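Here's the letter readout for the chains.
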Amino acid sequence: MSTGDFKDASLAAKGKQRIDWAARDMPVLKLIRDRFAKEKPLAGIRIAGCLHITTETANLAITLKAGGADLVLCASNPLSTQDDVSAALNLIEGIPTYAIKGEDTETYYRHLHAALDHRPQLTVDDGCDLVNTLHKERSDLLPEIIGGMEETTTGVVRLHNMVRDGALKYPVLAVNDSETKHFFDNRYGTGQSTLDAIIRSTNLLFAGRTVVVAGYGWCGKGVSSRARGLGANVIVTEVNPVAAIEAVMDGFRVMPLIEAAPLGDIFITVTGDLHVIDRHHLERMKDGAVVANSGHFNDEINIGALEDLSVGHATARDFVEGYAMRDGRTIYLLAEGRLVNLSAAEGHPASVMDMSFANQALGAEYMLQNAKNFSPQVLTLPKEIDQEIARLKLKSMGIAIDTLTEEQRRYLNDWQSGT
Ligand code: ADE
């Protein structure tokens, strides 16, 4: 059995235990896996997945393999890998996985290239690094590519930029844009896992503290509401006027980040943009301020400026680095500014990843069936698939809902009746 690159074989049994634990909370994916095992819709298709290597991703990978796929994985972030899962995937599940927590940038890209060496026909990406590398450095692989799927907002933004520049050479499904993905994963998943990570790493009390959340997209909404739920005073910062009104009407204080900087005890970026916390913000923060990012890339906090403003840094706890500022303050950076929820905790809980990865699995099948009709573009999954995932999720929760009567259906399709 050929394997990928992982840290420690002795972790495999523990990884397998945790993969099975996550499976208990992924009933929709389980239904898909059972059908895939019978129908083999992905038979012989070579897939490269660049994903966070977690217990939930392992369950997706097992599902794709059950469908007949010939699959390899690599990490989509240097710090998000769960080493026990990477070992279990390699040694127990027979899925070559190139992922080591804390790998350096050179290793990260070596692992991406190793996954591309598999000559994928389908790509499954989280953040668009695989698609990007494939287009820029491995374009010889393009003729064999059928299509791809992208998991996250940041990746979808990059894909649209590629389309605008005429750079994208094959169709990609924006899994993120399914309602059963972003309504739940981005909001409840990021909301819970981000706070989980900050609490695990710092053990700080949220109640009574001022938490500044930069960005009020789906992730920002989740983080803000969960921080409020723990008793924090939450300030939201935004650049989008509509999102800002939404935050105001949801009951949050809204102000420019420069005004929030001296007020915040904990800062969380979830914007998908560059240097959202910049030098002038860092200069105004309180002594002891904690700064974390839960967006995809580690560039939302200007770490270069933080280093520049400090005389040195020291580890306070795992994933907590205290920067000694020239003026005597200390600012604590969590998880090197990488996505804190996956670096200092375990990412989103399985129950929401169930729907996200149901979209990935059904997306792979849908792409194979329909790619011949697609030009290189960014697509969404059909509404019927999205709705079916929601129906199955409700069923697994034991929740029934109403259905339209024939009369109501006719009414909704009519335009003639009025007052
Ligand atoms: N993205 C956020 N949480 C995740 C998880 N648990 N597994 C894979 N990708 C994720």
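In case you missed it, the structure is sitting above this.
So, here's what we can say about the structure.

Reading the values: the criteria
Residues numbered from 1 in each chain as written. Predicted model: local features only at pLDDT ≥ 70, side-chain atom pairs only at ≥ 80, totals over all residues. Heavy atoms only, no water. Pairing = 2+ DSSP bridges. Helix = DSSP H or I, 4+ residues; strand = E, 2+ residues; numbered from the N terminus. Near = heavy atom within 4 Å. Polar contact = N/O pair within 3.5 Å; in protein donor to acceptor, adjacent residues only side chain to side chain. Areas by Shrake-Rupley, 256 points an atom, 1.4 Å probe, with all protein chains shown as cover. Nonpolar A, V, L, I, M, F, W, Y, C, P; charged D, E, K, R; others polar. Buried < 20%, exposed > 50% of the residue type's maximum accessible area, 1.4 Å probe, protein only. Contact = heavy atoms within 4.5 Å. Phe/Tyr/Trp six-rings, centres within 6.5 Å; stacked < 30°, edge-to-face > 60°. Lys NZ or Arg CZ within 6 Å of the ring centre and 35° of its normal.

Moving on, we get to the sheet that holds strand 10 (residues 266-269). To summarise the sheet geometry, strands pair through backbone hydrogen bonds and adopt either a parallel or an antiparallel arrangement. Pairing is mixed in the open sheet, where 8 strands are placed in the order 9-8-7-10-11-14-13-12. The open sheet terminates on both sides in strands that have one partner only, identified here as strand 9 (253-254) and strand 12 (310-317). Relative to strand 10, strand 7 (residues 210-214) runs parallel, the two sharing 4 bridges. Bridge assignment links Val212 to a residue of strand 10, and that residue is Phe267.

Lining the immediate surroundings of the ligand are His52, Thr54, Glu56, Thr57, Leu342, Glu346, Gly347, His348, Met353 and Phe357. Within the contact set of the ligand, a nitrogen atom lies 2.7 Å away from a side-chain nitrogen or oxygen of Thr54. In the environment of the ligand, a nitrogen atom lies 2.9 Å from a nitrogen or oxygen atom belonging to the side chain of Glu56. Protein chains shield 95% of the accessible area of the ligand, which is 260 Å² for the free molecule. Within the residue set of the shell around the ligand, elements represented by two or more residues are helix 3 (55-66) and helix 15 (350-370). Here the residues of the shell around the ligand sort into 3 nonpolar, 5 polar and 2 charged.

Here Asn77 shows up in the loop between strand 2 (70-75) and helix 4 (83-91). Using a relative accessible area of 4% as the deciding quantity, one classes Asn77 as buried. Apart from residues no more than four positions distant in its own chain, Asn77 is found in contact with His52, Tyr108, His296, Arg338 and Leu339.

What follows covers the packing of aromatic side chains. Evaluation of the coordinates by the stated rule reveals 6 aromatic pairs. Seen in terms of ring centroids, Phe184 and Tyr188 are 6.3 Å apart; in terms of plane orientation they differ by 35°. Their pairing is tilted. Linking Phe184 with Tyr188, this pair stays in helix 8 (residues 179-202), spanning 4 residues, or about one helical turn. A residue is classified by how much of its surface remains accessible, and Tyr188, at 34% relative accessible area, is partly exposed. On the numbers, 5.9 Å between centres and 65° between planes, the contact of Tyr216 with Phe252 is edge-to-face. Within this pair, whereas Tyr216 is found in the loop between strand 7 and helix 9 (218-229), its partner Phe252 is found in the loop between helix 10 (241-249) and strand 9, the two being separated by 36 residues in sequence. Judged on exposure class, the residue Tyr216 and its partner Phe252 are both buried. Three or more aromatic residues joined by ring pairs make a cluster, and in this case those are Phe183, Phe184, Tyr188 and Trp218. Stacked on the ring of Trp21, the Lys or Arg Arg24 has its end atom at 4.3 Å from the ring centre.

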